[in-house]
Each structure stands twice: as structure tokens, then as C-alpha cells.
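# Architecture and fold: a report
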Protein chains: 2
Amino acid sequence: MVVSRQRGEVVIRRLIEGWASAVRARKVRDVVAHHTDDVVMFDVPPAVAVRGISAYRETWLPFFRWLREGNGTFDIVNLDITAGDTVAFATALLRCGSKAELARNKRSRLRLTIGLRKVHDRWRIAHEHHSFPAD
Amino acid sequence: MVVSRQRGEVVIRRLIEGWASAVRARKVRDVVAHHTDDVVMFDVPPAVAVRGISAYRETWLPFFRWLREGNGTFDIVNLDITAGDTVAFATALLRCGSKAELARNKRSRLRLTIGLRKVHDRWRIAHEHHSFPAD
């Protein structure tokens, strides 16, 4: 059981690192490849909550534009995973900002919490919560 | 196993509702009663992350002052729980603001994600992520 949990952490770490890498590569198909259909995201922009995989997918297109135009970064600085048998959560800090923002040290630390559950024996992201500390 | 998970959800719901109730009552002892020593909080104010139960406890005193002086609310509007055997996460929206802010419909929806793990057979809060949608 301990081994299976450690194995879960390894799988989830790879999944989240792959997701962040897909964001940087601006490949929406890979970004949404490991989510549940009913994913709920608390995102940075004004909407209180984004519900469902279609709405989730749509949030990435303006972000990809911003990443490209601002020469932005989306790099995981640290990632901690707590995995059980079928439910897990992860907390991460990311270096996230446009080149100009990072030069001013503005909005640099994105906080991210991810909730996962196992569906048909595969880990899926069911929840994301992104925020910057308040100014 | 299904029964034990449903039971987990019931216990966790009661725990989180009790925690929010302790916040409203401004009883710091009850607010911190069900956390792990190494709790990590991504809070609304500027600190990127608050680490450890002592630092966590300290964040509540200015919030209690704000609640009292602003005649503020901290009410759970909805709460969803995903529980496994030893790990769980919860997502919630809260109506949170001073009386004046709520009258202007400002900062009304606090988003909250909670990560929990079982320690000596009792559910404990190991992580909280609080944020308001960006303006």
C-alpha cells in the first residue's frame, strides 16, 4: 500500500510536469488530456469558477496568446504531492509572468492547488485553483 | 469501501463547516483544532505561502479584527468533497466581505480549496488555498 502510494506520487508528478510543459508548448490538446469531464477550475481571471472540460479548454487560448506575446514563463518552482489510493492533491508554486513583469518582479509567484481522482485506474485532474497573492 | 468514503465525506463536511463556524465566532483555538502541524496555506494577503501551524494561527487575528470591525461575513455557499481512504480535497465558494463590500457587491466570492489527510485515523487539514477572482 505504501509502495502504491509512492508510485501514485511518481505518476502524478509526471502528469503535472507534463501538463505544465504542454502549457509552455501551447498545445491545448495535451493540456486537457488528463482531466475529468467535470473539472472545476478557480482561475486567476474574473470568473469565479470555470466548470467542465470545454470551458476549461477555452481558458487556455487567451493565456497562450499572452504567453507568446509577452514572452512569458510558466515554470514549476516546487511541487508537493499527497496521494491516497484514489484521491490526491498537489500544491505548487510557479514562476509565471511576462518577461516585462518578471523584470519588475511583478506577479511572479503563481500558487496552484490541484485535486486529482482515479478514474478507471488512471489519475485525472478534477480541480485546479490558480491565484497570485493579493497586491 | 464505498461506505467508508461516504462516511469520510460526511466527517469532512462537518469538520469544514465547524471550522468556518469557528472563524465566524472568532475562536482561534477551534479554527486551528483540525490541522496538521505542517499545514501550508496560500492565503489572500501578500505572503506567497504560510507554512506551519503557528504561522497559520497568526494569520487569523488580523482577519478576526477585520471581520468584527467590518461586520463581515464568512459563509459557505457551496462545498464539494472528494474523499479517498486517507487523502481528500474539498472545494468551496464562500460569501466573504465586510458589510460595505457586500453592499457594493465587491470581493463577495471567496474561492477555497482544502487538502486533507488522515493522521492516526482522524481527518486533518494539511492545505488551504484562498483567493478572490482577479479584478
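Going by the structure above, here's the rest.
The structure reproduced in this document is the subject of the present report. (Residues numbered from 1 in each chain as written. Chains lettered and ligands numbered in written order. Predicted model: local features only at pLDDT ≥ 70, side-chain atom pairs only at ≥ 80, totals over all residues. Heavy atoms only, no water.)

## Comments concerning the environment of Asn78 of chain A
By the element assignment, Asn78 of chain A lies in strand S3 (residues 73–83). Sequence spacing of Asn78 of chain A and Leu93 of chain A is 15 residues, and the spatial spacing of their C-alpha atoms is 5.5 Å. In contact with Asn78 of chain A, not counting residues within four places along its chain, are Thr91, Ala92 and Leu93 of chain A together with Arg51 of chain B. (Helix = DSSP H or I, 4+ residues; strand = E, 2+ residues; numbered from the N terminus. Contact = heavy atoms within 4.5 Å.)

## Observations concerning the sheet that holds strand S5 (residues 109–119) of chain B
All names here are of chain B. Ordered in space as S2-S1-S6-S5-S4-S3, the six strands form an open sheet in which the pairing is mixed. Single-partner strands in this sheet number two, and they are strand S2 (50–51) and strand S3 (73–83). Bridge count between strand S1 (residues 35–42) and S2: two bridges; the pairing is antiparallel. Within S2, the position partnered with Val40 by the bridge is Arg51. Contacts between helix H3 (residues 53–69) and the sheet are confined to S1, S2, S3, strand S4 (87–97) and strand S6 (122–131), with S1 contributing the most and set at about 55 degrees to the helix. (Pairing = 2+ DSSP bridges. Axes fitted to C-alpha atoms, helices over the stretch in contact; angles between N-to-C directions.)

## Overview of helix H3 (residues 53–69) of chain A
All names here are of chain A. Over its 17 residues, H3 runs 25 Å from end to end, which matches the ideal 24 Å to within 8%, given 1.5 Å per residue. Along H3, the residues classified as buried are Ile53, Tyr56, Thr59, Trp60, Phe63, Phe64 and Leu67. One or two steps after H3, the chain reaches Asn71, where phi turns positive at roughly 55 degrees. (Expected span 1.5 Å × (residues − 1). Buried < 20%, exposed > 50% of the residue type's maximum accessible area, 1.4 Å probe, protein only.)

## Observations concerning the relation of the copies chain B and chain A
Superposing chain B onto chain A takes a rotation of 180 degrees plus a shift of 0.0 Å along the axis, which leaves an RMSD of 0.0 Å. These values place the two chain copies in the arrangement generated by a two-fold rotation axis. Looking at chain B, 100% of its interface residues are interface residues in chain A too, so the copies touch through the same face. (Least-squares fit on C-alpha atoms with pLDDT ≥ 70 in both.)

## A closer look at the interface of chain B and chain A
With 37 residues of chain B at the contact, the number on the chain A side is 37 residues. Carbon and sulfur atoms supply 64% of the area that chain B and chain A bury against each other, a total of about 2,600 Å² over both sides. Counting the surface chain B buries against chain A, the share from its top three residues, Val87, Phe89 and Arg111 of chain B, is 22%. Viewed at the interface, chain A and chain B are joined by zero salt bridges. Along the contact surface separating chain B from chain A lie 15 residue pairs in polar contact (both at pLDDT 80 or more). For the side of chain B that touches chain A, the elements supplying multiple residues, two or more each, are S3, S4, S5 and S6 of chain B. (Buried area = accessible area lost by both parts, 1.4 Å probe. Salt bridge = Lys/Arg side-chain N within 4 Å of Asp/Glu carboxyl O. Polar contact = N/O pair within 3.5 Å; in protein donor to acceptor, adjacent residues only side chain to side chain.)

## Brief notes about the nonpolar core
Counting residues in hydrophobic clusters, the biggest one holds 35 residues, and the most contacted among them are Trp19, Val23, Tyr56, Trp60 and Phe74 of chain A. Every element with two or more residues in this core is listed here: helix H1 (2–24), strand S1 (35–42), H3, S3, strand S4 (87–97), strand S5 (109–119) and strand S6 (122–131) of chain A. Element by element, the count of residues in this core is highest for H1 of chain A, at seven residues. Not counting residues up to four positions away in its chain, the partners in contact with Trp19 of chain A are Val31, His35, Tyr56, Trp60, Phe74, Leu112, Glu128 and His130 of chain A. Within the second largest apolar cluster, 34 residues are counted, among which are Ile53, Ala90, Ala92 and Phe132 of chain B. (Core = buried A, V, L, I, M, F, W, Y, C linked by side-chain atoms within 4.5 Å.)

## Comments concerning the pairing of S4 of chain B
Residues and elements named next belong to chain B. Within S4, 10 of the 11 residues are buried, which leaves it mostly tucked inside the rest of the structure. Two elements, S3 and S4, share 10 bridges in a ladder whose sense is antiparallel. Note on S4: the bridge partner recorded for Thr73 is Gly97. The turn linking S3 back onto S4 is made up of three residues.

## Notes on unusual backbone geometry
All names here are of chain B. At His120, a position not held by glycine, the phi torsion is positive, near 45 degrees. Residue position: His120 is located in the loop between S5 and S6. A residue is classified by how much of its surface remains accessible, and His120, at 77% relative accessible area, is exposed. In this model, Asp121 sits at a positive phi of 70 degrees, which is unusual for a non-glycine residue. A relative accessible area of 64% places Asp121 in the exposed class.

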